[in-house]
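# Secondary and tertiary structure notes
What follows is the residue order along each chain.
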Amino acid sequence: MTLLSSVRRNLIDLPINYSLNYYWCSGFVLSAYIVMQIVSGVLLSFLYTANGVISFYVVSNLTNDSFYSWCVRYWHLWGVTLIFVLLFVHLGRALYYSSYSKKGAWNVGFLLYLLMMVEAFTGYVLPWHQMSYWAATVLTSIINSVPIIGEVLFMYIVGGFSVNNDTLVRMFSVHVCLGFVILGLILLHLFYLHAVGSNNPLCLLSFSDIIFFHCYFTVKDFMVFLGSIIIIFCCLFICPDLLLGVDSFLEANSMSTPVSIKPEWYFLAFFSMLRCVESKVGGIALILSFLFFLWIPTCNYSSAYFLSRQLVFWFIISVFFALTYFGSCHPEYPYLIVCRVFSVLLVAFMFIFKLFWTSSKIF
């Protein structure tokens, strides 16, 4: 009886501000897709073998031998892309309306963002094709640049002096286990969110027009979820290989380096920040500075009623998308110079956005 009352209190009779728009649907849709990713990932784990010799052929057989395994694999592939699209929308909405002032929900949510990137990276390595192998080689080499503990940490993560079969086994184990950790943190995120209540686009300090979550918002969330399902099915059956490059169909070869090594699109902004600085330590410091200013839970006012704050926000979004584009370009002049300038501007304007327009209470 207590469980039913808890479910009813958090999913049916939850008081919600009537003014919430469609940006607030991203949280529910994101959670639903993460659950579906875990289910499809478990199904794929039954068919996958973490072995550097045969992993590429195992994944190829999943897409060639059976229509059902093809559907599960490509659903898993497109699901990651949609999850990061929703994650960026969710994060952008939280920044715009200063949701980071709710420290419990924001801290858990930011930790979820970092773990989602780790989960996506470990999953990208598993097909063991040319691009995944060399992307893993480049990104894990960054760990070697960390002062003092870099070499030891690199040996523990990679399992040797370079990316090898032991690396693949460890990536597979982390990828499977981390999915359930993410699921648990989602529940913790919802707990903190329901404990303090969600913010709203009108920035009202008290609920003056509250309604219950069901049935207005359940129908609204379900319609957005249904629309995203239609989009992903269209991508799945019209252009399933759109996200895969030529090197994704070639077996990993440590003796043949691709002309241009690049990660998936949701890592391209950080990749361009990393490679625009000659020193790897400098690139790491640049990324960590951005992530720190992105995380710091100040008590800023919402951007809704500040034109100057809105301009800074949209400048950050524009620069981030520009870095994503330049990350896919070949590392040469003038892209490296532009990336260097844009990276510094991104960190500087994120600092301005989070630490200006601040109310009397910080932390």
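As recorded in an unreviewed UniProt entry, the protein chain goes by the name Cytochrome b, listed as coming from Raillietina tetragona. The protein chain has a UniProt comment under Subcellular location (unreviewed entry) that states "Mitochondrion inner membrane". Per UniProt, the protein chain has the following entry under Function (unreviewed entry): "Component of the ubiquinol-cytochrome c reductase complex (complex III or cytochrome b-c1 complex) that is part of the mitochondrial respiratory chain. The b-c1 complex mediates electron transfer from ubiquinol to cytochrome c. Contributes to the generation of a proton gradient across the mitochondrial membrane that is then used for ATP synthesis."

## A short note on the overall build of the protein chain
What the protein chain contains, in helices and strands, is 13 helices and two strands. Here the C-alpha radius of gyration of the protein chain, 22 Å, is about what a compact globule of 363 residues would show, namely 21 Å. C-alpha extents for the protein chain along the principal axes are approximately 65 × 50 × 40 Å. Buried positions account for 47% of the 363 residues belonging to the protein chain. Put simply, 81% of the contacts in the protein chain that link residues at least 6 apart link residues at least 24 apart. For the protein chain, the computed accessible surface area is about 18500 Å², with 73% contributed by carbon and sulfur atoms. Charged side chains in the protein chain number 15 positive and 13 negative. The centres of these two groups are separated by 15 Å.

## So, the side chain of H175
Within the element layout of this structure, H175 appears in helix α8 (residues 165-196). Setting aside residues up to four positions removed in sequence, H175 forms contacts with H76, E119, T122, G123 and L126.

## Here we look at the layout of surface pockets
One number sums up the size of the second largest pocket: a volume of about 890 Å³. When contributions to the lining of the second largest pocket are tallied by element, the ones reaching two or more residues are α5 (103-125), α6 (130-141), α8, α10 (268-275) and α11 (280-295). With five residues, α5 is the largest single contributor of residues to the lining of the second largest pocket. For the lining of the second largest pocket, the per-class residue count stands at 19 nonpolar, three polar and one charged. Counting the residues that make up the lining of the second largest pocket, at least three belong to each of domain 1 (21-261) and domain 2 (264-358).

## Overview of the packing of helix α4 (residues 67-96) against helix α9 (residues 216-238)
Geometry of a packed helix pair, given as the angle between the helix axes and the separation of the axes. It is at 10 Å that the axes of α4 and α9 come closest, and there the two elements cross at 120 degrees. Accordingly, the angle class assigned to the pair α4 and α9 is oblique. Of the two elements, α4 crosses α9, and the hand of that crossing is right-handed. Within the contact between the two elements, α4 uses F67, W70, Y74, W75, W78, G79 and L82 and α9 uses S228, I229, I232, F233, C235, L236 and F237.

## Thoughts on the side chain of T140
Of note, T140 is situated in helix α6. One polar contact links the side chain of T140 to the main-chain carbonyl oxygen of A136, over a distance of 2.5 Å. For T140, the residues in contact, after removing those within four places along its chain, are F121, F154, V158, V163 and M171.

## Observations concerning the nonpolar core
Judged by nonpolar contacts, the single largest core of 96 residues is most densely connected at Y33, M273, F290 and L294. If one sorts the elements of this core by residue count, α4 sits on top with 16 residues. Built from parts of two domains, this core gets at least three residues from each of domain 1 (21-261) and domain 2 (264-358).

## Here we look at the UniProt feature "transmembrane region" (unreviewed entry) in the protein chain
The positions that UniProt labels "transmembrane region" (unreviewed entry) are, in the present scheme, residues 75-96, 108-127, 133-159, 171-192, 224-245, 265-294, 306-327 and 333-357. Taken end to end, residues 108-127 has its terminal C-alpha atoms 30 Å apart, with 90% of it in helix and 0% in strand.

## Some remarks on the packing of aromatic side chains
Using the criterion set out here, one finds 39 aromatic pairs in the structure. With centroids separated by 5.2 Å and ring planes inclined at 70 degrees, the aromatic side chains of F293 and F351 adopt a geometry described as edge-to-face. You can see F293 sitting in helix α11 and its partner F351 sitting in helix α13 (residues 335-355), a full 58 residues away along the chain. You can call F351 partly exposed: its relative accessible area is 34%. Taken together through their ring pairs, the aromatic side chains of F28, Y33, F67, Y68, W70, Y74, W75, F225, F233 and F237 make up a single cluster.

## Looking at helix α2 (residues 26-47)
Taking 1.5 Å of rise per residue, 22 residues should cover 32 Å, and α2 covers 31 Å from first to last C-alpha, within 8% of that figure. Listing the buried residues of α2 in full gives S26, G27, V29, L30, A32, Y33, I34, Q37, I38, S40 and L44. Of the surrounding elements, those touching the buried residues of α2 are α3 (55-64), α4, α5, α8 and α9.

## Side note on the domain arrangement of the protein chain
Segmenting the protein chain into domains produces domain 1 (21-261) and domain 2 (264-358). Look at where the C-alpha atoms of domain 1 and domain 2 centre, and you get two points 21 Å apart. Interface area for domain 1 against domain 2, summed over the two sides, is near 2900 Å², with a carbon-plus-sulfur share of 71%. Between domain 1 and domain 2 we count zero salt bridges in total. Counting across the domain 1 and domain 2 interface gives five residue pairs in polar contact (both at pLDDT 80 or more). At the level of elements, α4, α5 and α6 are the ones that each hand at least two residues to the side of domain 1 that touches domain 2. Broken down by element, the residue count for the side of domain 1 that touches domain 2 peaks at 10 residues, all from α5. When grouped by side-chain class, the residues that make up the side of domain 1 that touches domain 2 number 25 nonpolar, eight polar and one charged.

Quick notes on the rules
- Residues numbered from 1 in each chain as written.
- Predicted model: local features only at pLDDT ≥ 70, side-chain atom pairs only at ≥ 80, totals over all residues.
- Heavy atoms only, no water.
- UniProt positions renumbered as here; feature names shortened; annotations may be inferred.
- Helix = DSSP H or I, 4+ residues; strand = E, 2+ residues; numbered from the N terminus.
- Rg over C-alpha atoms; globule rule 2.2 N^0.38 Å.
- Buried < 20%, exposed > 50% of the residue type's maximum accessible area, 1.4 Å probe, protein only.
- Contact = heavy atoms within 4.5 Å.
- Areas by Shrake-Rupley, 256 points an atom, 1.4 Å probe, with all protein chains shown as cover.
- Lys, Arg positive; Asp, Glu negative; His and termini not counted.
- Charge placed at Lys NZ, Arg CZ, Asp CG, Glu CD.
- 1 Å grid on protein atoms, 1.4 Å probe; cavity = no way out; pocket = protein on both sides within 12 Å on 5 of 7 lines; lining within 4 Å.
- Points joined across faces, edges and corners; volume = space filled by probe spheres on them.
- Nonpolar A, V, L, I, M, F, W, Y, C, P; charged D, E, K, R; others polar.
- Domains from an automatic or database assignment.
- Axes fitted to C-alpha atoms, helices over the stretch in contact; angles between N-to-C directions.
- Parallel < 35°, antiparallel > 145°, perpendicular 65-115°, else oblique.
- Left-handed = near helix turned anticlockwise from the far one by under 90°.
- Polar contact = N/O pair within 3.5 Å; in protein donor to acceptor, adjacent residues only side chain to side chain.
- Core = buried A, V, L, I, M, F, W, Y, C linked by side-chain atoms within 4.5 Å.
- Phe/Tyr/Trp six-rings, centres within 6.5 Å; stacked < 30°, edge-to-face > 60°.
- Expected span 1.5 Å × (residues − 1).
- Buried area = accessible area lost by both parts, 1.4 Å probe.
- Salt bridge = Lys/Arg side-chain N within 4 Å of Asp/Glu carboxyl O.

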